[in-house]
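Take a look at the letters that make up each chain.
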Amino acid sequence: FSIVEGDFNKTEWYKPISQPVSVVVSAIALHYLRTECRSSFFDGVYEFLEKPGYFAIGASFDSEHEFIQEVCFNKQLEYTQKQLLEMEGQKVSLERLREKRRAESEKAGVNRLMLGEQMRLLQQAGFEHVEIVWRYLSVAVVAAFKADTG
């Protein structure tokens, strides 16, 4: 077992990895990946995975459909609003929470992928099987499989 840290926005971030790995797990890290680096990131993961190999990604995604995106975002804000009231006694408007969430995301450099875009990028990188294995509102776990063929 090992953990490798690197700047995913650099093309060859995976070069310090000395041997192929069987599983890669990413949680939230892809939020900070610049748009122009996405394709090379997924290509890199595919390149150093052994055959067979698995890539699991857990993150918050944007929807390609504006209506669905708004419904999911509002449900998350409503949950946060309820928790703040119950746990801390704070009554905060949904609009205030919306502004705060967007400001924090912008400040942190969050650049969420759309779920469909991520699935396409994984397939373009060469992953033979890509699927959503769990989803709730805008949070999902995506699994990609590099087959033991070829």
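The sections below set out a description of the structure shown in this document. (Residues numbered from 1 in each chain as written. Predicted model: local features only at pLDDT ≥ 70, side-chain atom pairs only at ≥ 80, totals over all residues. Heavy atoms only, no water.)

## A few points about the sheet that holds strand β3 (residues 129-136)
Part 1 of the argument: Read across the open sheet, the four strands follow the order β1-β2-β4-β3; overall the sheet is mixed. The sheet is open, and its two edges are formed by β1 (21-27) and β3, each paired on a single side. Strand-to-strand twist of the sheet, defined as the mean angle between neighbouring strand axes without regard to direction, takes the value 10°.
Part 2 of the argument: Direction of pairing for strand β2 (residues 49-60) relative to strand β4 (residues 139-146): antiparallel, over a ladder of eight bridges. When the bridges of β4 are listed, G58 appears paired with V141.
Part 3 of the argument: Of the strands in this sheet, β2, β3 and β4 touch helix α4 (residues 115-125), which is tilted by about 155° from β3. (Pairing = 2+ DSSP bridges. Helix = DSSP H or I, 4+ residues; strand = E, 2+ residues; numbered from the N terminus. Axes fitted to C-alpha atoms, helices over the stretch in contact; angles between N-to-C directions. Contact = heavy atoms within 4.5 Å.)

## Here's the deal with the packing of helix α1 (residues 38-48) against α4
Part 1 of the argument: Closest axis-to-axis distance for the α1/α4 pair is 9 Å, and the angle between their directions is 50°. As the angle between them shows, α1 and α4 are arranged oblique. Remark: the crossing between α1 and α4 carries right-handed chirality. The residues of α4 that touch α1, namely those facing R38, S39, F42, D43 and Y46, are E117, Q118, L121, L122 and A125.
Part 2 of the argument: Taken together, the residues of the contact of α1 with α4 sort by class into five nonpolar, two polar and three charged. (Parallel < 35°, antiparallel > 145°, perpendicular 65-115°, else oblique. Left-handed = near helix turned anticlockwise from the far one by under 90°. Nonpolar A, V, L, I, M, F, W, Y, C, P; charged D, E, K, R; others polar.)

## Details of the environment of K107
Part 1 of the argument: When you line up the elements, K107 lands in helix α3 (residues 94-108).
Part 2 of the argument: For the pair K107 and S93, spaced 14 residues apart in sequence, the C-alpha separation works out to 21 Å.

## As for the layout of surface pockets
Part 1 of the argument: Estimates place the volume of the largest pocket at around 630 Å³.
Part 2 of the argument: Lining the largest pocket are 20 residues, with S2, I3, V4, V21 and V23 positioned closest to its centre.
Part 3 of the argument: Every element with two or more residues in the lining of the largest pocket is listed here: β1 and α1.
Part 4 of the argument: The leading source of residues in the lining of the largest pocket is β1, at seven residues.
Part 5 of the argument: Its residues placed into classes, the lining of the largest pocket shows 15 nonpolar, five polar and no charged. (1 Å grid on protein atoms, 1.4 Å probe; cavity = no way out; pocket = protein on both sides within 12 Å on 5 of 7 lines; lining within 4 Å. Points joined across faces, edges and corners; volume = space filled by probe spheres on them.)

## Comments concerning the pattern of salt bridges
Part 1 of the argument: For the structure shown, the criterion picks out nine salt bridges.
Part 2 of the argument: Across the salt bridge formed by R34 and E36, the nearest N and O atoms sit 2.8 Å from each other.
Part 3 of the argument: For E36, a relative accessible area of 58% translates into the label exposed. (Salt bridge = Lys/Arg side-chain N within 4 Å of Asp/Glu carboxyl O. Buried < 20%, exposed > 50% of the residue type's maximum accessible area, 1.4 Å probe, protein only.)

## Observations regarding unusual backbone geometry
Part 1 of the argument: For the bond from K51 to P52, the omega torsion is -10°, close enough to zero to count as cis.
Part 2 of the argument: Relative to the helices and strands, P52 is located in strand β2.
Part 3 of the argument: Even without a glycine there, the phi angle at L137 is positive, about 50°.
Part 4 of the argument: The residue L137 is located in the loop between β3 and β4 in this model.

## Details of the packing of aromatic side chains
Part 1 of the argument: This structure, assessed with the given rule, holds seven aromatic pairs.
Part 2 of the argument: Note on F8 and F41: the rings are 4.8 Å apart at their centroids and 55° apart in plane angle, and the pair reads as tilted. One end of the pair, F8, is in the segment before β1; the other, F41, is in helix α1, and 33 residues separate them in sequence.
Part 3 of the argument: Note on F41 and F55: the rings are 6.3 Å apart at their centroids and 55° apart in plane angle, and the pair reads as tilted. One end of the pair, F41, is in helix α1; the other, F55, is in strand β2, and 14 residues separate them in sequence. Grouping residues by exposure puts F41 and F55 together as buried.
Part 4 of the argument: Among the aromatic residues, those joined into a ring-pair cluster are F8, F41, F42, Y46, F55 and F127.
Part 5 of the argument: Above the face of the Y46 ring, K146 is positioned so that its terminal group lies 4.4 Å from the ring centre. (Phe/Tyr/Trp six-rings, centres within 6.5 Å; stacked < 30°, edge-to-face > 60°. Lys NZ or Arg CZ within 6 Å of the ring centre and 35° of its normal.)

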